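Single-letter residue listing:
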Amino acid sequence: QIGKIYIWVAAAAPASDRGCVTAYPGILSPAPFVICVQCPAGACDRFSLPGGRVKLAKRLPARREGPAWYPDHPCRTAVNTVHLTPKGPNATDCDGGIRGDYKRFAPAGPGFRLAAWTNSEPMGTAVDICFCIDTNCSDPSSAWFKAGQLAIVATRLVTSGSLLAGPAGRATAPPREFGQPGQIALNLALRAYDNPSPVLGLQEA
């Protein structure tokens, strides 16, 4: 043996997932989520200093990707996308918790959101999940690297209707009364180009 290769894997998870047991490569833009980073053995012990150790940055397809030590790695200079909420110190300024097998990054509140993403970014634009395990990640020379990527999915309402009971059974009609059973149909053609599956916030029949 002449060395070891460590592999980190990051993805989104529902805000209710406290143990990082699920992983979603895509999210519906308004859906709340947290970031889970699965760590190799011995590589994610409790960090000695708190601080921002994850960044959700707009992916720049024109910039080439490379290893963590590449001086122009996009994650070194990336910042959180302006569409990420909440903003400020409650966003990604957390240490991921005490577990060594995974790190769970969640803001104070129900979860991260990218609700305005699909109104501002071209379809197919993704988010890089940048991660840092250095002692002080605020140091400009700290080693940030890409641990995952999220596809942001938009939806478009196709039809909606109320379910009405009549002599011939159930039928649909234009929605007209609050509180009555109904159904909606969404256009899945607006998925990102890489067609992620599963998508947090979407459940297909």
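Residues numbered from 1 in each chain as written. Predicted model: local features only at pLDDT ≥ 70, side-chain atom pairs only at ≥ 80, totals over all residues. Heavy atoms only, no water.

Asks: Would you explain the packing of aromatic side chains in this entry?
Replies: How two aromatic rings sit relative to each other is given by the distance of their centres and the angle of their planes. In this structure the tally under the stated criterion is five aromatic pairs. Judged by centre distance (6.1 Å) and plane angle (45°), the rings of Y6 and W8 are tilted. On the accessibility criterion, Y6 (39% relative accessible area) is partly exposed. By the ring-pair criterion, three or more aromatic residues cluster together here, those being Y6, W8, F105, F131 and F145. In this structure, K55 is placed above the aromatic ring of W144, and the distance from its NZ or CZ to the ring centre is 4.1 Å. (Phe/Tyr/Trp six-rings, centres within 6.5 Å; stacked < 30°, edge-to-face > 60°. Buried < 20%, exposed > 50% of the residue type's maximum accessible area, 1.4 Å probe, protein only. Lys NZ or Arg CZ within 6 Å of the ring centre and 35° of its normal.)

Asks: Is there a simple way to think about the sheet that holds strand β2 (residues 26–28) in this case?
Replies: With respect to topology, five strands assemble into an open sheet ordered β4-β6-β7-β2-β11, the strand pairing being mixed. Each end of this open sheet is capped by a strand with a single partner; those strands are β4 (54–58) and β11 (199–200). Two strands pair when backbone bridges link them, and β2 and strand β7 (residues 144–153) are joined in this way by three bridges, in the parallel orientation. Within β7, the position partnered with I27 by the bridge is I152. (Pairing = 2+ DSSP bridges. Helix = DSSP H or I, 4+ residues; strand = E, 2+ residues; numbered from the N terminus.)

Asks: I tried to follow the pattern of salt bridges on my own but got confused; where do I start?
Replies: Here the idea is simple: oppositely charged side chains can pair when their charged atoms come close. One pass over the structure, following the stated rule, counts four salt bridges. Linking E121 and K58 is a salt bridge whose minimum nitrogen-to-oxygen distance equals 2.9 Å. Placement of the pair is E121 in the loop between α2 (117–120) and β6 (126–132) and K58 in strand β4, with a sequence separation of 63 residues. Residue K58 is classed as partly exposed on the basis of its relative accessible area of 37%. Among the salt bridges present, the one from R99 reaches D101, with a minimum N-O distance of 2.7 Å. Through salt bridges with shared partners, a single network forms among R59, D128 and K146. (Salt bridge = Lys/Arg side-chain N within 4 Å of Asp/Glu carboxyl O.)

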